[in-house]
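Listed below, chain by chain, are the residues.
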Amino acid sequence: HTKDLTDEPIKTALQPLLEFSKKQGVCAYFEAGTPGGPEFSEHVYKVMRDMDRNGELPIYIDGCYSIYDRKQLPDAIEVMKHYREEFSEGNVRVNTLKIMMDGTLAVHTASLITPYADTGTVGGCLFTTEEIADLLRKLNDNGFDFHVHTVGEGAIRTILDAVEIVKNELGDKFKVHVTCAHLELMDDADMDRFAKLGVNANFSAWWHSGAGNGGGGTYEDHAVLFGEERAANKSLRSKSLWDTGAMVCWSSDNVVFGDFRAWSPYLGMESAITRLNDEKTNINEEEKHYVQYRPASECMNHEEMLIGYTINNAKQLRIEDKKGSIDVGKDADYLIFDEDLRTVNPRGMSYILPKEVFFKGIKVN
């Protein structure tokens, strides 16, 4: 019944998010599709815009129009034009089209190239390569960006193939920021294509410990789903992708609104650095499994995580001129810690909080 909600309940429901943001020092979000559908998302954006105009929004929100049904595609560009007209000022902006390209591993709807070991199926994609290429041309013509849910190797390849087609046609005239999110299972042949094609690689950092892993689960779960070799060597290969020169970014992908532990960037950093989820990790007890997530060679380091969570995320959202680093002319979004995040022991890093948080030069915590 979200269509019947008035502004006040939405505003009230947003308060825990604002308090979490001020406490954690999260100054900017990409909102990848509010549960409740496009109409509800637009309503939430309007409430946030009004809060921002009244000086009540101490965060930057970059939103999207989310497609989860093929029937939405024909009207997508016109809807995006409407969103851009409505939300193109201050701290609330919408300029990205988001597509749920495939599903999840656990229910065998993530798109694979090599079949699932336990069912022999390969899942599927919402759109074909040709349909995505046509969409990319339209997004480019209208100045929009593109964010894609791509869990499996088949969905990832479909997007990369479509980008390659359009880039070969348009060359430097192709300006769309394309971001593939999740990237749980990648084929070797596609590892160096992100850097070559300029596609952003956005990983859900806390999944790298095996916790909450997109429905896919732990190494043991993956071994059942797609076999020992792929489970041990092909899962969430962020370090390998980083080493190719690809722009690796980080997110949480958690829609449990109320328990924000999985939203914490410090949990994300600990998870991707250690690939562990045990008694030292600030996450639900039922998520712990005490086994390092494979492959261990994919562990990131402190500097890579900090870059991914700051300037790389800002570049993904085209806000690097204002956010993502401390420099002359940028928004004074900065945090003060008792610990040095470049050298702190990553075990237990998920419990760290900033001592002071500044948003546009104003102390908010």
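Definitions and limits used
Residue positions are given per chain, counted from 1 along the sequence in the order it is written. Side-chain atom pairs in this predicted model are given and counted only at pLDDT of 80 or more, local residue features only at pLDDT of at least 70, and totals for whole chains, interfaces and linings cover all residues. Calculation of side-chain values draws on the structure's entire complement of heavy atoms; hydrogens and water are dropped beforehand. Here a pair means two rings of Phe, Tyr or Trp (six-membered ring of Trp) with centres within 6.5 Å. Their orientation is stacked below 30 degrees between planes, edge-to-face above 60, and tilted elsewhere. By the criteria applied, helices consist of DSSP H or I runs no shorter than four residues and strands consist of E runs no shorter than two, each listed in order from the N terminus. Categorising residues by exposure relies on relative accessible area from a 1.4 Å probe, with only protein chains included: less than 20% of the type maximum marks a residue as buried, more than 50% marks it as exposed, and the intermediate range marks it as partly exposed. Expected span of a helix: the number of residues minus one, times 1.5 Å. Given a residue, its bend is the angle between the two axes fitted to the seven residues that end at it and to the seven that start from it. We call two residues in contact whenever any of their non-hydrogen atoms come within 4.5 Å of each other. Identification of polar contacts relies on pairs of N or O atoms within 3.5 Å, with a donor-acceptor requirement for protein atoms, meaning one able to donate a hydrogen and the other able to accept it, and with residues adjacent in sequence counted only if both atoms are side-chain atoms.

(A) Geometry of the packing of aromatic side chains. Counting across every chain of the model gives 11 aromatic pairs. Between the aromatic rings of Phe-20 and Trp-263, the centroid separation amounts to 6.4 Å while the plane-to-plane angle is 80°, which identifies the pairing as edge-to-face. Of this pair, Phe-20 sits in helix H1 (residues 7-24) while Trp-263 is found in the loop between strand E8 (248-251) and helix H10 (265-274), placing the two residues 243 residues apart along the sequence. Considered together, Phe-20 and Trp-263 belong to a single accessibility category, that of buried residues. Geometrically, the ring pair formed by Phe-260 and Trp-263 is edge-to-face, given 4.9 Å between the ring centres and 85° between the ring planes. Each member of the pair, Phe-260 together with Trp-263, is buried.

(B) Inspection of helix H11 (residues 302-316) at higher detail. Taking 1.5 Å per residue, 15 residues should reach 21 Å; H11 reaches 20 Å between its end C-alpha atoms and fits that length. When the local axis directions of H11 are compared, the greatest deviation, roughly 40°, occurs at Gly-308. Turning to H11, the residues buried within the fold contact strand E5 (145-150), strand E6 (178-182), strand E7 (200-204), helix H9 (238-243), E8 and H10. Put simply, Asn-301 is the residue that caps the front of H11, since its side-chain oxygen is 3.1 Å from the backbone nitrogen of Glu-303. In the stretch just after H11, Arg-318 is the one whose phi turns positive, near 65°.

Read these as layout, nothing more, since geometry by itself doesn't imply function.
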